[in-house]
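Structural features, examined
Each chain, letter by letter, is given below.
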Amino acid sequence: MAKLIPIYTWNKGLLSLSKSGKRISHKPWFQGVLLLGCVVVAMLLANIPILKDFYFSFLETELQIHLQSPDGVVNLHFPQSMTVEKFINDILMVIFFFTVGLEIRREVAHGELSSPQKAMLPVIAAFGGVIVPAVIYMLINHGTAAGSGWGIPTATDIAFAVCILSVLSDKVPVSLKVFLTALAIADDLIAILVVALFYGGSINLLLLAIAAIAIAFTFILRKLGEKKMFPYLILSIIVWALFYYSGIHATMSGVVMAFLIPATSRYNKAQYIHKRNKYLARLEKFDGIDHEPFPNGPQKHCLRRLESIAHGSMDMSYRVEHALSPWVNFLIMPIFALANAGVEISDPSYFNVFSVDPVLGSVSMGIFLGLLLGKPIGITLFSWIAIKLKAGQMPDRADWKMFFAVACLGGIGFTMSIFVDTLSFGEQSPEIMEQLRNAGKIAVLMGSICAGVLGSVLINMANRMSGKTLSHSSGSN
């Protein structure tokens, strides 16, 4: 007879598993590993005969809200032509860009971009990491059907870069880790501007003007001291809809509204301490006034007030970013990878990144060389110029060998590169557009993997060389 396992044993095991999962999810490398797993799953779904029809048909499923009054006078369909894939790229990714905007704003206000001295080197390096890959891409594809994809190899994916840096742990100076993070944030801002300026549709100026009025109203609301989230949420939805139909890519509404979320708290430090002490005193006063265990009725009210006071002492921008980050990192980004990384390998030539077509050009070569060579060369060259002109300062305990090795990790494009790829080549016929986008996605994956491997190898080599240099210099002393 099978031995029955007591229920509490199962509960204890599940609780332990839950705690282990939470610990792992907080590791800096976990998000990168999760996204890589989603890429593998997406590629399998797109290429296994039994599953690929379901995968692509699901992404093309139409989503629509239909509102109709009983008498038929009101008959609304919203939004128009919204597929599952478009929902992910135009709605879920708005939330991603919203959190990116909050992060950029935080870094500009208090972090690594908060002063000219801190911001100058990573910002200059980020421009180099955008300009050089774009130039390489255009040299290869100028005058061909692939020419408009120059923005694809200009982005850096911080999740994968941080994942590799965390695995390499103490082999990279902390100052270079901070530099790469700040560079990726500046890179995100540049990529956002590139998408807004070069990858939107035809502009509807009337809707854009109405969106500007809504944005101005949000700004006035913030200036008047409004601290409640609901008005900002409603205005954000309105601005998103106006951007969506105006021709500016809808994701840009997330960035714009992120910069308008209040960054000041309801209570300052003195107010917080005063209110906290008042309710802590009441907790003691109401202790034991009836036979209820702690907390009794009045004490529960005090605890709720203490919670509200603590909540009001943190600014809305921080609270929203803190609340959204887990959803973005562990749900929205994996869903984006599942929806966009699945490329059907109908033609093995996708993997030949050095093939060139006289008409179509070589989107693969442009992206691959842009990420693998253009990013590190651009980041290092522009940083070298900035340091020589004393516009920036070399990060502490770093030399140029280690700097270039870390710059190679800037060639991990993935999320933003694939996102720009999904917006590119819209001027071509549907067949050519699909072919170019698929080749672009494969090139992004291959270029990102090679950049990660190259950066890791060079970091290990630079670390060993630095160790030998240090030991030789110690011996001579």
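Residues numbered from 1 in each chain as written. Predicted model: local features only at pLDDT ≥ 70, side-chain atom pairs only at ≥ 80, totals over all residues. Heavy atoms only, no water.

With that settled, the discussion passes to helix H13 (residues 316–340). Taken as a whole, H13 carries its principal kink of about 45 degrees at valine 328. Two to three positions downstream of the cap, the backbone nitrogen of serine 317 sits 3.2 Å from a side-chain oxygen, assigning the N-cap of H13 to aspartate 315. (Bend = angle between axes of the 7 residues up to and from the residue. Helix = DSSP H or I, 4+ residues; strand = E, 2+ residues; numbered from the N terminus. Polar contact = N/O pair within 3.5 Å; in protein donor to acceptor, adjacent residues only side chain to side chain.)

Turning our attention to the pattern of salt bridges. By the definition in use, this model includes five salt bridges. Between aspartate 90 and lysine 86 there is a salt bridge; the shortest N-O distance is 3.2 Å. Residue aspartate 90 and its partner lysine 86 are both found in helix H4 (residues 84–110); the two are separated by four residues, about one turn of the helix. Measuring nitrogen to oxygen at the nearest pair gives 2.6 Å for the salt bridge that ties glutamate 321 to arginine 106. In this pair, glutamate 321 sits in helix H13 while arginine 106 sits in helix H4, placing the two residues 215 residues apart along the sequence. (Salt bridge = Lys/Arg side-chain N within 4 Å of Asp/Glu carboxyl O.)

Residue position: glycine 151 is located in the loop between helix H5 (116–141) and helix H6 (158–168). C-alpha of glycine 151 to C-alpha of tyrosine 137: the two residues are 14 residues apart in sequence and 8.7 Å apart in space. Excluding residues within four positions of it along the chain, glycine 151 makes contact with Tyr199 and Val420. (Contact = heavy atoms within 4.5 Å.)

We now examine the nonpolar core. Grouped together as the largest cluster of nonpolar side chains are 114 residues, with contacts concentrated most on Phe96 and Phe97. Of all the elements, helix H7 (residues 174–198) adds the most residues to this core, at twelve residues. Dropping the residues within four chain positions of it, phenylalanine 97 is found in contact with Ile192, Thr251, Met252, Gly254, Val255, Met416 and Phe419. Formed by six residues, the second largest nonpolar core is a distinct cluster that contains Tyr267, Leu283, Cys302 and Leu306. (Core = buried A, V, L, I, M, F, W, Y, C linked by side-chain atoms within 4.5 Å. Buried < 20%, exposed > 50% of the residue type's maximum accessible area, 1.4 Å probe, protein only.)

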